[in-house]
Amino acid sequence: MLTLFCGNILRNSSLHIYRTRNFSLCKQIFSPVKKTRLVHSPVNFQRSSAQWRVYSNTSFVLCGNTRTMCVLTGPAPTQGGRYFHTSAPKRALPAALIWMVLKPLQKLIAILLGRSIRKWWASLPHSRRLLLREWALGHRWHLAAGGVVTLLIVALLLLTHLEESPVTGRVRLLVFSREKYLELAALTSEAHMEEFAEHLLPVTHHLHQLVERSVELLVQKNKDIVEVSRVPWSVHVVESPQINAFVLPNGKVFMFTGMLASIEDVDQLMIVLGHEMAHAILEHSAEQASLSHVVDLLSLILVTAIWALCPGDSMALLGGWAKDKLTELLFSHPYSRKLEAEADQVGLQLAAKACADVRAGPVFWQQMELADRLTGEPTLPEWLSTHPTHRNRSSQMDRLVPQALELRESCACPALPLVDPRAVFAETARVLLQKAKEHEEGGPEGARHLQPASVPAGPPALQNVLPSSSGVEQLNKSWAVASKTAVESPATAAREKSQDVLQNNSQQGG
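> Please give an account of the sheet that holds strand S10 (residues 234-238) that cites residues and values.
Backbone-to-backbone hydrogen bonds join strands into a sheet, with any given pair of strands oriented parallel or antiparallel. Overall, mixed pairing links the three strands, which are arranged S10-S12-S11 in an open sheet. With one partner strand each, in any of the chains shown, S10 and strand S11 (245-247) form the two edges of the open sheet. Geometrically, the sheet is characterised by an average inter-axis angle of 10° between neighbouring strands, direction not taken into account. As judged from the three bridges shared by S11 and strand S12 (residues 252-256), these two strands associate in the antiparallel manner. Note that in S12 the partner of Phe246 across the bridge is Phe254. Lying over the sheet, helix H9 (residues 266-281) contacts S11 and S12, oriented at roughly 40° with respect to S11.

Rendered as structure tokens:
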């Protein structure tokens, strides 16, 4: 009976032992044995994939009516020994992914709850409403105390999730752990690889090799930063006119050829890559998702109140829309601009340690601003955008250049050329704007004849006169090869003028 009882228990579980002899085995536990028969076999525990292979080195006994631990036996395995079969481990979904899925559901529940409260209140008789109001008024201090206690609990929970940001040391809120967010980053990178599969440049392409060597140089020169050295960086260049680049938290670098066409030289490339890598090592995506998560959870109370207090659904929808816009303007957008400014600062430091000419950083954003002006591209006010304006980014980086130059010098980098790319671009921009003003008389078609979209690619003369140093020098040679395929700017007069300015400044510096 004891053997049958143990067999029924183990037959319904996922634990099985295959026997080598046709009897049940029991291990004695704190009770005398009425009838024993010792069976000696070597004990050794090994795990192979999802199975436990067991060899016994202790004495097991055949038991009578005693308190025992029972084992079900079965056919002998082909390799000898006994096997514990365990189910394969199942990976839990990342917490960030679960939150993204539940986020709209939470809002829907809050809307339904608020709407139900409104309809319930409307269905109450007038006398019942008066009683509820009197009760709330009489217990107002209890309700206030409960609200204060709730706020204290929420504050304590938030304080337990405060961490110090790497590199900058800034205190920030992180709800999601790095491990969980890396799981989400792996899913995101797989989705991007599928999306860009047909547009990825081969690894043998000169543009891919240029970006890859730039990333390797940045990693090598900043390996003293733990967050840089522990990430397995990999590069993917997407053939697309989109001016964009981004780096996922797991080190996947995605660079678009449209961005490469907007970059003048390898120094600017290093600064752009440093900015995007700074987002990854500072864990900005997890930080932004954490803030969004907390704000959304707290706003559920506001959503419920809007749908409960508004007299109709249309008014509630309008109130919800206004709440979303205010949340963006007061929380999301300012915080995003703050993270972008921090990435600019850290990215400039990464490029400085890699011996890039950090003076090219402000020039890049001046180029972007000039391109927008020449194309007539409308620009949103900064308070409506998730990113600072090109002019503000250029001004901020200009203020950071002296500190970055000191850091570059402390890394034993070779001296920079006397020609300052900021002065060169200022003269080039003046000539281009003057030409654009002259073409205004020819109408829109005459203005478009300048093709300012190619202006950020920079005149070839700038790339030849402004060499970089150290490990960047070899990259500049690759950039010279890559720039041959770039679209040249038709603003011939601006090129000639900028080249003359460069030559004059070089002679004066000599």
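There's more to say after this.
> So, the pattern of salt bridges: which residues are in play, and what are the values?
Scanning the entire structure with this criterion turns up 19 salt bridges. Residue Glu283 is joined to Arg178 by a salt bridge in which the shortest nitrogen-to-oxygen separation is 3.4 Å. Remark: Arg178 occurs in helix H5 (residues 178-195) and Glu283 occurs in the loop between H9 and helix H10 (284-309); sequence separation between them is 105 residues. The exposure class of Glu283 is buried, given its relative accessible area of 15%. Here Arg422 and Asp420 are joined by a salt bridge, their closest N and O atoms 2.9 Å apart.

> So what's going on with the pairing of S10? Which residues, and what values?
For S10, the buried fraction is high: five of the five residues fall into the buried class. The pairing of S10 with S12 spans five bridges and is parallel. Opposite Ser234, over in S12, you have Lys252 as the bridge partner.

> Explain the packing of aromatic side chains to me, using residue names and the numbers behind them.
We describe a pair of aromatic rings using the distance from one ring centre to the other and the angle between the two ring planes. What the rule picks out here adds up to seven aromatic pairs. With a centroid separation of 5.5 Å and an interplanar angle of 85°, the aromatic rings of Phe196 and Phe256 are classed as edge-to-face. Linking Phe196 in the loop between H5 and helix H6 (206-221) with Phe256 in strand S12, this pair joins segments that are 60 residues apart in sequence. When its relative accessible area of 10% is taken as the criterion, Phe196 is described as buried. Using a relative accessible area of 3% as the deciding quantity, one classes Phe256 as buried. Ring centres 6.2 Å apart and planes at 45° place the aromatic pair Phe246 and Phe256 in the tilted group. Placement of Phe246 in strand S11 and of Phe256 in strand S12 is noted, with a sequence separation of ten residues between them.

> Before we move on, could you go through the packing of helix H12 (residues 360-375) against helix H14 (residues 421-439) and cite the residues and values that matter?
Their axes nearest at 10 Å, the elements H12 and H14 cross at an angle of 5°. Relative to H14, the element H12 is oriented roughly parallel. Counting all contacts with H12, which are made through Ala360, Pro362, Val363, Gln366, Gln367, Leu370, Arg373 and Leu374, the residues of H14 involved are Pro421, Arg422, Phe425, Ala429, Leu432, Leu433 and Ala436. Its residues assigned to classes, the contact of H12 with H14 comprises eleven nonpolar, two polar and two charged.

> Provide a residue-level description of the packing of H9 against helix H11 (residues 313-353), including the pertinent values.
Contact pair H9 / H11: the axes reach a minimum separation of 7 Å and the direction vectors enclose 120°. As judged from the angle between their axes, H9 and H11 are oblique. When the axes of H9 and H11 are compared, the crossing they make is right-handed. Along the contact surface, H9 presents Met270, Ile271, Gly274, His275, Met277, Ala278, His279 and Ile281, while H11 presents Leu339, Glu340, Ala343, Asp344, Val346, Gly347, Leu348, Leu350 and Ala351.

> How would you summarise the environment of Trp365 if you had to cite specific residues and measurements?
Looking at where Trp365 falls in the secondary structure, it is placed in helix H12. When the C-alpha atoms of Trp365 and Arg393 are compared, they prove to be 6.7 Å apart, with 28 residues separating the residues in sequence. Those residues within four positions of Trp365 in sequence are excluded, and the remaining contacts are His390, Arg393, Ser394 and Met397.

> Outline unusual backbone geometry, listing residues and values.
At Val167, a position not held by glycine, the phi torsion is positive, near 70°. Positioned with a positive phi, Cys355 is a non-glycine residue whose angle comes to about 70°.

> How would you sum up the state of the cysteines? Please name residues and give values.
Inspection of every chain in the model, using the stated rule, returns one disulfide. In this model, Cys355 is linked to Cys413 through a disulfide, with the two sulfur atoms separated by 1.9 Å. Because the sign of the S-S torsion sets the handedness, a value of about -75° for the bond joining Cys355 and Cys413 places this disulfide among the left-handed ones. Here Cys413 lies in the loop between helix H13 (390-410) and H14 and Cys355 lies in the loop between H11 and H12, a separation of 58 residues in the sequence. Side by side, Cys355 and Cys413 carry an identical accessibility label, which is buried.

> For H13, give the residues involved together with the corresponding values.
In this model H13 runs 29 Å from its N-terminal to its C-terminal C-alpha over 21 residues, within 8% of the 30 Å that 1.5 Å per residue would give. Residues of H13 that are buried include every one of Arg393, Ser394, Gln396, Met397, Leu400, Val401, Ala404 and Arg408, and no others. Looking at the packing, one finds that the buried side of H13 touches H9, H11, H12 and H14. A positive backbone phi angle near 60° is found at Ala412, which sits one or two residues after H13.

> Now, about the nonpolar core: what can you tell me, with residues and values included?
Of all hydrophobic cores here, the largest spans 49 residues; its most connected members are Trp233 and Met255. With ten residues, H9 is the largest single contributor of residues to this core. In contact with Met255, other than residues within four places in its own chain, are Val211, His236, Val237, Val238, Asn244, Ala245, Leu260, Leu269, Val272 and Leu273.

> Please give an account of the pairing of S12 that cites residues and values.
Counting buried residues in S12 gives four out of five residues, a clear majority hidden from the surface. The hairpin turn running from S11 into S12, its antiparallel successor, is four residues long, and Gly251 in that turn takes a positive phi close to 90°.

> Give me the environment of Ser385: which residues, what numbers.
Within the fold, Ser385 resides in the loop between H12 and H13. Excluding residues that lie within four positions of it along the chain, Ser385 makes contacts with His333 and Arg337. Separated by 3.1 Å, the side chain of Ser385 and the backbone nitrogen of His387 make a polar contact.

Rules behind the numbers
Residues numbered from 1 in each chain as written. Predicted model: local features only at pLDDT ≥ 70, side-chain atom pairs only at ≥ 80, totals over all residues. Heavy atoms only, no water. Pairing = 2+ DSSP bridges. Helix = DSSP H or I, 4+ residues; strand = E, 2+ residues; numbered from the N terminus. Axes fitted to C-alpha atoms, helices over the stretch in contact; angles between N-to-C directions. Contact = heavy atoms within 4.5 Å. Salt bridge = Lys/Arg side-chain N within 4 Å of Asp/Glu carboxyl O. Buried < 20%, exposed > 50% of the residue type's maximum accessible area, 1.4 Å probe, protein only. Phe/Tyr/Trp six-rings, centres within 6.5 Å; stacked < 30°, edge-to-face > 60°. Parallel < 35°, antiparallel > 145°, perpendicular 65-115°, else oblique. Nonpolar A, V, L, I, M, F, W, Y, C, P; charged D, E, K, R; others polar. Left-handed = near helix turned anticlockwise from the far one by under 90°. Disulfide = S-S within 2.5 Å. Expected span 1.5 Å × (residues − 1). Core = buried A, V, L, I, M, F, W, Y, C linked by side-chain atoms within 4.5 Å. Polar contact = N/O pair within 3.5 Å; in protein donor to acceptor, adjacent residues only side chain to side chain.

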